[in-house]
Amino acid sequence: MQPYELIRSGRRTLALEVRGGRVIVRAPYRASQAVIDRFVASHAEWIARGLAKQEARAAAHPEPTDAERAAYIRQAKACLPQRVAYYSERMGLYPTQVRITGARTRFGSCSSQGHICFSWRLMQYPPEAIDYVVVHELAHLCYMNHGAEFYALIARYLPDWKARRALLRALKSTGGRSVLRCFSFGIDFLHPLRVNCSFRNQGGMYHEAGDRAGRRWHEGRVSGRRVEGDAGAGHPV
């Protein structure tokens, strides 16, 4: 059986993820080791596929060197605040803070306090994709969800936003340094015949089942279905 890292908590489900070449199992305190081992063994093929894809992607798209990383950070600090200022004037939406981070799992994020963060990794993508992420995050200052009004606001300033998003997705799947999209599985211990699954990404887990099903995160809607997420590398935007 594939070795794995076990993280126990007060959750009500078992969950499995492959991240950074590691297998991680999240389990309730009361789950026995035998149950956990059977859970992992039953998804051996899925684990093998996930590890193989991550290894292939890492080989094809290695991490930037220190010099490349420094150059991307300089470029992000020069470019992104300017693009935010440009679209802020047009949208009438102004963040309280703009930060550049090294986030691996998402290109951008917006907090309820109005803080917007962008990953310097966004600099690996073309200008039209960058502007989509900028407008996406600014729109969250008005709508902290991904509803119809949210996308209508984006369309007002980027009528071709769907094409831009498609470009971002295409580059994430064939180039750049995107993360692996895979599945996470959950077994609800209160309802042991119920198996929950959702799309997830290498860096963060947003799927919860049982008592947390239906919880809405800014990063995505979690309801036992596909997570329709934020503009970050860790979400299927």
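Now for a look at the structure at hand. As the structure is a computational prediction, the values presented were derived from the model and not from experiment.

## Details of the packing of aromatic side chains
Any two aromatic rings considered together are summarised by their centre-to-centre distance and by the angle between their planes.
For step 1, the next point in the chain: Counted by the stated rule, this structure contains five aromatic pairs.
For step 2, the next point in the chain: Summarising the aromatic geometry, the rings of Tyr-151 and Trp-161 are spaced 4.8 Å apart at their centres and angled 20° between planes, so their arrangement reads as stacked. Here Trp-161 lies in helix H6 (residues 161–174) and Tyr-151 lies in helix H5 (residues 148–157), a separation of 10 residues in the sequence.
For step 3, the next point in the chain: The class for Tyr-151 is buried, based on a relative accessible area of 18%.
For step 4, the next point in the chain: Given the relative accessible area of 8%, Trp-161 is considered buried.
For step 5, the next point in the chain: An aromatic cluster of at least three residues, connected via ring pairs, comprises Phe-150, Tyr-151 and Trp-161.
For step 6, the next point in the chain: Across the ring face of Tyr-86, the terminal group of Arg-83 is positioned such that the distance to the ring centre comes to 4.7 Å.
For step 7, the next point in the chain: For Arg-90, the ring lying beneath its charged end belongs to Tyr-86, and the centroid distance is 3.5 Å.

## A closer look at helix H1 (residues 33–42)
For step 1, the next point in the chain: Within the span of H1, buried status applies to Ile-36, Phe-39 and Val-40. Down the axis of H1, the sector holding all buried residues measures 95°, keeping them to one side. Along H1, exposed side chains directed more than 90 degrees from the buried face belong to Arg-38 and Ser-42.

## Details of the pairing of strand S3 (residues 22–28)
For step 1, the next point in the chain: The buried fraction of S3 is high, at six of seven residues.
For step 2, the next point in the chain: Here five bridges tie strand S1 (residues 5–9) to S3, and the two strands are oriented parallel to one another. Bridging across to S3, Glu-5 finds its partner in Ile-24.
For step 3, the next point in the chain: From the end of strand S2 (residues 13–19) to the start of S3, which pair antiparallel, there are two residues, and Gly-20 there has a positive phi angle of about 60°.

## A few points about the sheet that holds strand S4 (residues 97–101)
The strands that make up a sheet are held in pairs by hydrogen bonds between backbone atoms, and each pair lies either parallel or antiparallel.
For step 1, the next point in the chain: Taken in spatial order, the three strands make up an open sheet running S4-S6-S5, and their pairing is mixed. Because the sheet does not close on itself, it has two edges, and the strands there are S4 and strand S5 (108–110). The sheet shows a mean angle of 15° between the axes of neighbouring strands, taken without regard to direction.
For step 2, the next point in the chain: Sheet analysis places S5 next to strand S6 (residues 115–119), joined by three bridges and oriented antiparallel.

## A short note on the pattern of salt bridges
For step 1, the next point in the chain: One pass over the structure, following the stated rule, counts seven salt bridges.
For step 2, the next point in the chain: The closest approach of N and O atoms between Glu-63 and Arg-69, which form a salt bridge, is 4.0 Å.
For step 3, the next point in the chain: The exposure class assigned to Glu-63 is partly exposed, which follows from its relative accessible area of 35%.
For step 4, the next point in the chain: With a relative accessible area of 24%, Arg-69 lands in the partly exposed category.

## Regarding the side chain of Asp-131
For step 1, the next point in the chain: Looking at the element boundaries, Asp-131 is found in helix H4 (residues 127–139).
For step 2, the next point in the chain: You can call Asp-131 buried: its relative accessible area is 10%.
For step 3, the next point in the chain: For Asp-131, the side chain forms a polar contact with the side chain of Arg-83, separated by 2.9 Å.
For step 4, the next point in the chain: Only 3.1 Å separates the side chain of Asp-131 from the side chain of Tyr-87, close enough to count as a polar contact.
For step 5, the next point in the chain: If sequence neighbours within four positions are ignored, Asp-131 has contacts with Arg-83, Tyr-87, Leu-158 and Arg-164.

What counts as what
- Residues numbered from 1 in each chain as written.
- Predicted model: local features only at pLDDT ≥ 70, side-chain atom pairs only at ≥ 80, totals over all residues.
- Heavy atoms only, no water.
- Phe/Tyr/Trp six-rings, centres within 6.5 Å; stacked < 30°, edge-to-face > 60°.
- Helix = DSSP H or I, 4+ residues; strand = E, 2+ residues; numbered from the N terminus.
- Buried < 20%, exposed > 50% of the residue type's maximum accessible area, 1.4 Å probe, protein only.
- Lys NZ or Arg CZ within 6 Å of the ring centre and 35° of its normal.
- Arc of directions from axis to C-beta.
- Pairing = 2+ DSSP bridges.
- Axes fitted to C-alpha atoms, helices over the stretch in contact; angles between N-to-C directions.
- Salt bridge = Lys/Arg side-chain N within 4 Å of Asp/Glu carboxyl O.
- Polar contact = N/O pair within 3.5 Å; in protein donor to acceptor, adjacent residues only side chain to side chain.
- Contact = heavy atoms within 4.5 Å.

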